[in-house]
Number of protein chains: 2
Amino acid sequence: MDILLAEDQSMLRDALAKLLSLNDEVKHVSLAKDGEEAIQILQLKIFDVVILDIEMPKKTGLDVLEWIRKNKINTKVIIITTFKRCGYFERAINNNIDAYVLKERSIDELMKTIKNVIAGNKEYSPELMENIFTTKNPLTTQEVEILKKISLGLSNKEIAENLHFSNGTIRNYISIILMKLNTNNRLLAVKLAKENGWI
Amino acid sequence: MDILLAEDQSMLRDALAKLLSLNDEVKHVSLAKDGEEAIQILQLKIFDVVILDIEMPKKTGLDVLEWIRKNKINTKVIIITTFKRCGYFERAINNNIDAYVLKERSIDELMKTIKNVIAGNKEYSPELMENIFTTKNPLTTQEVEILKKISLGLSNKEIAENLHFSNGTIRNYISIILMKLNTNNRLLAVKLAKENGWI
DNA sequence: ACATACATATTACATTTGTCACATCAAATT
DNA sequence: AATTTGATGTGACAAATGTAATATGTATGT
């Protein structure tokens, strides 16, 4: 088995690589420290399995997943992440992810998952399956865009200039965002959206 | 060497434990999944080195460190963390930490650090030493308290009620906070303070 | 062709947030 | 005893934020 492992936290990347290599069935483990590097490596070589962390600099694991599917790279993809963000999970599912597991698992379980996806099976973390239908992101792309600006600390006026809208339009959008999220100020909206992985 | 490892993320805990155990000099690695568990285990057994993650449920690694020093437990303590928060670092230094390293290191380096502290040396991540003097928390305890409330999304009025002050007083405090942090709205202040580990 | 939805904008308004100057009182300092 | 300092409060104001009703042009569906 040839494996590509993309994970930004050196210690975990290093540890996982060493432990995976100890396994007889694993031929070689390539490493990437961010999404961009992962994509570069994927263009040079074929892997049986690609293991992606989500939150990485440059490009996220989800970005890499989308790139893999768009370019029809023939490989299994496993997402490993700390975060129980349903938004992340949803996006992964939409891109036909093979396995989605939380870092709350052990290495042995990860090994099992790897064999499992190579055998052609899917494997989703059950904790996430539960919530998936209840907490779907209610915001449109535009609204998400605006909420992201808010989360950076921009004022309405700044957002308006930034996105080439009138101040009033932005205020309207924000009003709708607050209504949808059932919050009554921008800070709460940002907090809620972050907790759910929507921004 | 007897080692206690406290880390909430199972995958990393598991991986680190396995790799540390592979080393001949390591006799046994005990595991804790949060700060509270770590303290319990520390009451039962003596360790040469305790390795603590900071952000854990129940009690943080810094809480455990403080407990160790207060109870005069004879052991070396290493903090490993993802976060370059100077506030964290400051608190660790004040409690006579033996080593403070970022998770951006490899396992081999961690092993070196362990030997190093057992030999009686200190080891601080150099990235953090640079900033420590430049970015000291300028806020008073009261101000931090208020900023925390803000970060939860409370309005001025709510904070006032919550802390038994007048609305105006809270506004004054916030005004001072914004001035100190050189920001012009509450969201930016929260963002900045979080990035620096002040709240 | 017509109705509907969508994105954008305007206006007016109420509320919240942030600034500033100053008041009060108690505790600490000189 | 007089002064300074710190914590708390007030009032007045400007600016930002949030709400709501409504308008307009474009695209979409039937």
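For the structure, check the block above.
Residues numbered from 1 in each chain as written. Chains lettered and ligands numbered in written order. Predicted model: local features only at pLDDT ≥ 70, side-chain atom pairs only at ≥ 80, totals over all residues. Heavy atoms only, no water.

### Re the relation of the copies chain B and chain A
- After a rotation of 180 degrees and a shift along the axis of 0.0 Å, chain B superposes on chain A with an RMSD of 0.7 Å. Expressed as a symmetry operation, the mapping of one chain copy onto the other fits a two-fold axis.
- Here 100% of the interface residues in chain B have copies in chain A that are interface residues too; the copies meet face to matching face. (Least-squares fit on C-alpha atoms with pLDDT ≥ 70 in both. Contact = heavy atoms within 4.5 Å.)

### Re the interface of chain B and chain A
- If you look at the interface, chain B gives 30 residues, while chain A gives 30 residues.
- Carbon and sulfur atoms make up 67% of the surface buried where chain B meets chain A, a total of about 2,400 Å² over both sides.
- When the area that chain B buries against chain A is broken down by residue, the three leading residues are Gln9, Met11 and Leu187 of chain B, summing to 29%.
- Where chain B packs against chain A, one counts two salt bridges.
- Across the pair Lys18 of chain B and Asp108 of chain A runs a salt bridge whose closest N-O atoms are separated by 3.1 Å.
- Here chain B and chain A share 14 residue pairs in polar contact (both at pLDDT 80 or more) between them.
- Breaking the side of chain B that touches chain A down by element, the ones donating at least two residues are helix H1 (10-22), helix H5 (107-118), helix H7 (141-151) and helix H10 (186-195) of chain B.
- At nine residues, H1 of chain B tops the list of elements feeding residues into the side of chain B that touches chain A.
- Looking at the side of chain B that touches chain A residue by residue, the class counts come to 15 nonpolar, seven polar and eight charged. (Buried area = accessible area lost by both parts, 1.4 Å probe. Salt bridge = Lys/Arg side-chain N within 4 Å of Asp/Glu carboxyl O. Polar contact = N/O pair within 3.5 Å; in protein donor to acceptor, adjacent residues only side chain to side chain. Helix = DSSP H or I, 4+ residues; strand = E, 2+ residues; numbered from the N terminus. Nonpolar A, V, L, I, M, F, W, Y, C, P; charged D, E, K, R; others polar.)

### Points about the pairing of strand S4 (residues 76-81) of chain A
Residue and element names in this part refer to chain A.
- With five of its six residues buried, S4 lies for the most part within the structure.
- With helix H3 (residues 61-70) bridging strand S3 (residues 49-53) and its parallel neighbour S4, the resulting β-α-β unit is right-handed.
- Where S4 lies against strand S5 (residues 99-102), four bridges are found, and the strand directions are parallel. Across the sheet, Ile78 pairs through a bridge with Ala99, a residue of S5.
- Considered for its hand, the β-α-β crossover made up of S4, helix H4 (residues 86-94) and S5 is right-handed. (Buried < 20%, exposed > 50% of the residue type's maximum accessible area, 1.4 Å probe, protein only. Right-handed = clockwise from strand over helix to strand, strands pointing away. Pairing = 2+ DSSP bridges.)

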